[in-house]
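Residue-level structure breakdown
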Amino acid sequence: YQCMGEDFRADLGFIPQTDYYKQTHATSYQWFSDSHWWNRIELWSDWDTTHNERHEFLEKEWEVELEMWGPQQSYLKLRPIYRERVGARHDKTTLAITDNTDQFTELLLESEIEAQPWSGVYVGLETEHGRKLDFRNNRMGHGLELEPEVRWNLNEHFLLNLRHTYRTLDAEGAEVFTANMTDLRLSYQFSVRSFVRLALIYSDIEHNQDNNFTAVKPKKRELGSQLLYSYKINPQTLIYAGYSDAAFSDDEIDELDLYQRSIFLKLSYAW
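Let us look at the structure shown here. Keep in mind it's a predicted model, so treat the numbers as computed, not measured.

Overview of the overall build of the chain
Counting its secondary structure elements, the chain contains zero helices and 14 strands. Scanning the chain from its N terminus toward the C terminus, one meets helices and strands in the order β-β-β-β-β-β-β-β-β-β-β-β-β-β. When the backbone C-alpha atoms are referred to their principal axes, the chain occupies close to 60 × 60 × 45 Å. Out of the 271 residues belonging to the chain, those deemed buried represent 32%. In the chain, 43% of the contacts between residues at least 6 apart in sequence involve partners at least 24 apart. With the model as given, the accessible surface of the chain reaches about 17,500 Å², and the carbon-plus-sulfur share is 55%. Placing the 28 positive and 45 negative side-chain charges of the chain at their respective mean positions leaves the two points 5 Å apart.

With respect to the pairing of strand β11 (residues 194–207)
The sheet contact formed by strand β10 (residues 174–189) and β11 spans 13 bridges and is antiparallel. What sits directly across from Ala-179, in β11, is Ile-205. Linking β10 back to β11 in an antiparallel pair, the connection comprises four residues. Pairing of β11 with strand β12 (residues 219–234), which is carried by 13 bridges, proceeds in the antiparallel orientation. Bridge pairing in β12 links Ser-194 to Tyr-231.

A few points about the side chain of Ser-249
Relative to the helices and strands, Ser-249 is located in strand β13 (residues 237–250). Under the relative-accessibility criterion, Ser-249 is labelled buried at 1%. Contact partners of Ser-249, with chain neighbours within four places excluded, come to Lys-219, Lys-220, Arg-221, Asp-254, Glu-255 and Leu-256.

Some details on a nonpolar patch on the surface
Where nonpolar side chains cluster on the molecular surface, the patch consists of Tyr-29, Trp-31, Leu-43, Leu-66, Leu-76, Leu-78, Ile-113, Leu-125 and Leu-146 and spans about 760 Å² of accessible area. At the level of elements, β2 (20–32) and β5 (75–86) are the ones that each hand at least two residues to the nonpolar patch. Mapping Ile-113 onto the fold places it in strand β6 (residues 103–118).

Observations regarding the layout of surface pockets
Here the largest pocket is characterised by a volume of approximately 530 Å³. Along the wall of the largest pocket there are 20 residues; nearest its centre are Gln-17, Thr-18, Asp-19, Tyr-20 and Leu-58. Put simply, the parts of the chain that give the lining of the largest pocket at least two residues each are β2, β4 (57–69) and β5. Counted by class, the lining of the largest pocket contains seven nonpolar, six polar and seven charged residues. By volume, the second largest pocket amounts to about 330 Å³. Around the second largest pocket, the lining comprises 23 residues; the ones closest to its centre are Lys-132, Leu-133, Arg-167, Leu-169 and Phe-177.

A short note on the packing of aromatic side chains
Each aromatic ring pair is described using two quantities: the centre-to-centre distance and the angle formed by the ring planes. This structure, assessed with the given rule, holds six aromatic pairs. Both rings, one in Tyr-29 and one in Trp-31, keep their centres 4.9 Å apart while their planes meet at 65 degrees; by these two values the pair is edge-to-face. Ring plane angle 65 degrees and centroid distance 6.3 Å describe the contact between Trp-37 and Trp-38, whose orientation is recorded as edge-to-face. Among the aromatic side chains, those forming a connected cluster through ring pairs are Tyr-188, Phe-190 and Tyr-229. When the ring centre of Trp-69 is taken as reference, the NZ or CZ atom of Arg-40 above it lies at 3.7 Å. Cation over ring: Arg-139 sits above Phe-213, and NZ or CZ is 4.7 Å from the ring centre.

Quick notes on the pairing of strand β7 (residues 121–134)
Two strands pair when backbone bridges link them, and β6 and β7 are joined in this way by 10 bridges, in the antiparallel orientation. Across the sheet, the residue bridging to Leu-107 is Arg-131, located in β7. Hairpin remark: β6 followed by β7, antiparallel, with two residues in the connecting loop; positive phi at Gly-120, about 85 degrees. Here β7 runs beside strand β8 (residues 139–153); their pairing, made up of 14 bridges, is antiparallel. For Val-123, the partnering residue across the bridge sits in β8 and is Val-150. The hairpin formed by β7 and β8 contains four residues between the paired strands, and Asn-138 there has a positive phi angle of roughly 55 degrees.

As for the environment of Arg-261
Relative to the helices and strands, Arg-261 is located in strand β14 (residues 257–268). Judged by its relative accessible area of 57%, Arg-261 falls in the exposed class. With 16 residues separating them in the primary sequence, Arg-261 and Asp-245 have C-alpha atoms 4.2 Å apart. In contact with Arg-261, other than residues within four places in its own chain, are Tyr-243, Ser-244 and Asp-245. Here the side chain of Arg-261 touches Tyr-243 through a polar contact of 3.3 Å, side chain to side chain.

The rules we used
- The residue count restarts for each chain, going from 1 along the sequence in the order it is written.
- Given that this is a predicted model, residues contribute local features only at a pLDDT of at least 70 and side-chain atom pairs are listed and counted only at 80 or more, while totals for whole chains, interfaces and linings are drawn from all residues.
- Derived side-chain values reflect all non-hydrogen atoms in the structure, with water molecules and hydrogen atoms excluded from consideration.
- Here a strand is any run of E in DSSP of at least two residues, a helix any run of H or I of at least four, and the numbering for each starts at the N terminus.
- Only protein chains enter the area calculation, which uses a 1.4 Å probe; residues under 20% of their type maximum are buried, those over 50% are exposed, and those in between are partly exposed.
- Should any heavy atoms of two residues lie within 4.5 Å, those residues are counted as being in contact.
- Methods summary: accessible areas were calculated by the Shrake-Rupley approach with a probe of 1.4 Å, and residue burial reflects only the protein chains presented.
- Lys and Arg are tallied as positive, Asp and Glu as negative. Neither His nor the chain termini are counted.
- For this purpose, a charge sits on NZ of Lys, CZ of Arg, CG of Asp or CD of Glu.
- Two strands qualify as a pair provided DSSP detects at least 2 bridges between them.
- The residues that make up patches have over 30% relative accessible area and no salt bridge, and they are joined within 9 Å when like-charged or within 5 Å when they are Val, Leu, Ile, Met, Phe, Trp or Tyr.
- Each salt bridge in this description consists of a side-chain nitrogen of Lys or Arg and a carboxyl oxygen of Asp or Glu lying within 4 Å of one another.
- A cavity, in this analysis, means grid points on a 1 Å lattice covering only the protein atoms where a 1.4 Å probe fits yet has no way out; a pocket is instead an open set bounded by protein on both sides within 12 Å along at least five of seven lines, and a residue lines either one if it has an atom within 4 Å of a point.
- Grid points are joined across faces, edges and corners, and a volume is the space filled by probe spheres set on the points.
- In this classification, Asp, Glu, Lys and Arg are treated as charged, Ala, Val, Leu, Ile, Met, Phe, Trp, Tyr, Cys and Pro as nonpolar, and every other residue, Gly included, as polar.
- We call Phe, Tyr and Trp rings a pair once their centres come within 6.5 Å, taking the six-membered ring for Trp, and we label the pair stacked below 30 degrees between planes, edge-to-face above 60, and tilted otherwise.
- Ring-over charges, as used throughout, are those where CZ of Arg or NZ of Lys falls within 6 Å of the ring centre and within 35 degrees of the ring normal.
- Polar contact is the term for a pair of N or O atoms within 3.5 Å; when the atoms are in protein, one must be able to donate a hydrogen and the other to accept it, and sequence-neighboring residues count only if both atoms are side-chain atoms.

Okay, structure coming up:
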């Protein structure tokens, strides 16, 4: 049982939702084996319901998850999800849910596969597809998400981490949006106490203006970069120093235009 009151605040943390209470019931069963192709399998399921403090229905969800662990740090997960939830409020000037929203049913299949085929090399792929709620337009659509990732420890000092996210949503026989985001991080560990890291994050989002009920920009691209150096004496006594910038383009600006640049320094000391 979890409850977040409507007046709850978390100014020093990230809490995306308040005013709800959620009941969850779950069970699982595990198998263990000395087989050369798997060593543990777990079948897990849960059912939960969510309401706000006025006892208005927000969401009901049932999911089943099958996980399997094997050689070379391999892992496989399959998770079908059945979810009933409310959409956006019709009258946004009131917080009322009952008689002010529509209910939708999502049917999704999530999967995840990962392995370490060679020493220092990790590869993985997460997917999600099925019937998905189009929140912006308050209707059902079909969504697809692919998220491949590679982590490569080139040696004891250098780490490369590359992740790409592809997400698309269709509704009423046409595209709603397509989004691509690439996250590249290069780290060099000088010692246990210090490292330097370069992060490059690029996003490219396209909206179909003819299949959105509200005004949206047809395309938007962003590129953010950050160079960070850290020196740590202990977990609470450390120095961060770095540089970051951001560039942007849309249907009116063809080339990426630098609009933000900053240099930062953070000092932390533990008494």
